[in-house]
Amino acid sequence: MQIGVNVPNFGPGTSPDVLRDWARTVEGLGFDLLMVSDHVAVTPDVAEQYPAPFYEPFTALAWLAGVTSRIRLGTTVLVLPYRHPLLVARMAANVNELSGGRFVLGVGVGWARQEYEALGVPFAQRGRLTDEGLRVVRDAWRDESDYRAGRIPIWVGGHSDAALRRAVRLGDAWHSLRLTPSAYREALERLKVIAEAEGKPLPALTPRVLLHLTPDELGPERRLGEGSVAQVLGDLAELRASGAEAVVLDPFVGDPQETVHPEVAWQALATVRKEFR
């Protein structure tokens, strides 16, 4: 099972130098993936959680491709309706080629209604637009003489029934986002039922989990990756046993000031990397 890291590409402590330090730290610790999030317009609903500056993911990953050599690079998750799907197909293919085939395209429908309004995209149609966009992206990539996309995996984020159907029909992997252990198990069972009903194989499992180490053990309502070192290691072992192909650790707990002191997250990541093999 590969282990990745969701690197904060936003917030008051983030800069090109800090992003470079994140990339070199994560790659140096032996992680397998480096992923970043997506917002285009930092509207008030976005700014409450992910304040400016916000580095656009394709731009940031193209920069980080040049300062890394081994680690895979990806989005967790790109909000597909924010951009024309042919633009997404082009940028994803370019980053993949420029990085030597290291790119992973994680996609989702998004949640920020004000951001949708600012971009002139109908919020109520975001699911349909995501489905249509994924089909356009895959069709474009078939033109190897132009896009030269190679084999870019598509991870579909979310845990609603619509997201699970999207993962089964249009994705290579289901990319759940910061669920509790019980919610993850329940969603996985729904995914299996949907895959059987669609007559399709179960997509790969590539969950993103919170990384929040606490001095004491937490109760059953904690999220995956949250709690004592033993609890977090147990979560990773259980995910591996359940067939997860990759797990992305998300060390951003929720306070934008965390981005000013990335060494706290680096220490937590180093602890997990040392203990889990």
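Residues numbered from 1 in each chain as written. Predicted model: local features only at pLDDT ≥ 70, side-chain atom pairs only at ≥ 80, totals over all residues. Heavy atoms only, no water.

So, on to the overall build of the chain. When you go through the chain residue by residue, the secondary structure sums to 10 helices and 12 strands. If one aligns the C-alpha atoms of the chain with their principal axes, the spans along those axes are about 50 × 45 × 35 Å. Restricting the contact set of the chain to residue pairs at least 6 apart, pairs at least 24 apart contribute 72%. As displayed, the chain has an accessible area near 11800 Å², and 53% of this comes from carbon and sulfur atoms. Computed over 30 positive and 35 negative side-chain charges, the inter-centroid distance for the chain is 4 Å. (Helix = DSSP H or I, 4+ residues; strand = E, 2+ residues; numbered from the N terminus. Contact = heavy atoms within 4.5 Å. Areas by Shrake-Rupley, 256 points an atom, 1.4 Å probe, with all protein chains shown as cover. Lys, Arg positive; Asp, Glu negative; His and termini not counted. Charge placed at Lys NZ, Arg CZ, Asp CG, Glu CD.)

Looking now at the UniProt feature "domain: Luciferase-like" (unreviewed entry) in the chain. Following the UniProt record, one finds the feature "domain: Luciferase-like" (unreviewed entry) at residues 3–213. For the annotated span residues 3–213, helix accounts for 43% and strand for 16% of the residues, and the straight-line distance between the end C-alpha atoms is 17 Å. (UniProt positions renumbered as here; feature names shortened; annotations may be inferred.)

Looking now at the packing of helix α1 (residues 16–28) against helix α10 (residues 262–275). Following both chains from N to C, one finds α1 and α10 inclined at 10°, their axes separated by 11 Å at the closest point. As judged from the angle between their axes, α1 and α10 are roughly parallel. Counted together, Asp 21, Trp 22 and Thr 25 of α1 and Pro 262, Ala 265, Trp 266 and Leu 269 of α10 form the full contact between these two elements. Split by residue class, the contact of α1 with α10 holds 5 nonpolar, 1 polar and 1 charged. (Axes fitted to C-alpha atoms, helices over the stretch in contact; angles between N-to-C directions. Parallel < 35°, antiparallel > 145°, perpendicular 65-115°, else oblique. Nonpolar A, V, L, I, M, F, W, Y, C, P; charged D, E, K, R; others polar.)

Take the pairing of strand β1 (residues 2–6) next. Along β1, 4 of the 5 residues are buried, which leaves the element largely enclosed by surrounding structure. In this sheet, strand β2 (residues 33–36) lies alongside β1 in parallel orientation, the contact comprising 3 bridges. Directly across from Val 5, in β2, lies its bridge partner Leu 34. (Buried < 20%, exposed > 50% of the residue type's maximum accessible area, 1.4 Å probe, protein only. Pairing = 2+ DSSP bridges.)

Considering the arrangement of structural elements, one finds Val 79 in strand β4 (residues 78–79). A relative accessible area of 4% places Val 79 in the buried class. Each C-alpha atom, one on Val 79 and one on Ala 112, is 10.0 Å from the other, the two residues being 33 residues apart in sequence. Contacts of Val 79, omitting those with residues within four sequence positions, involve Asp 38, Gly 108, Val 109, Gly 110 and Tyr 116.

This part takes up the nonpolar core. Trp 22, Leu 34, Leu 105, Trp 141, Trp 174 and Leu 249 are the most contacted members of the largest nonpolar core, which totals 66 residues. If one sorts the elements of this core by residue count, helix α8 (residues 181–198) sits on top with 6 residues. Residues Leu 33, Met 35, Val 104 and Trp 155 belong to the second largest nonpolar core, which totals 8 residues. (Core = buried A, V, L, I, M, F, W, Y, C linked by side-chain atoms within 4.5 Å.)

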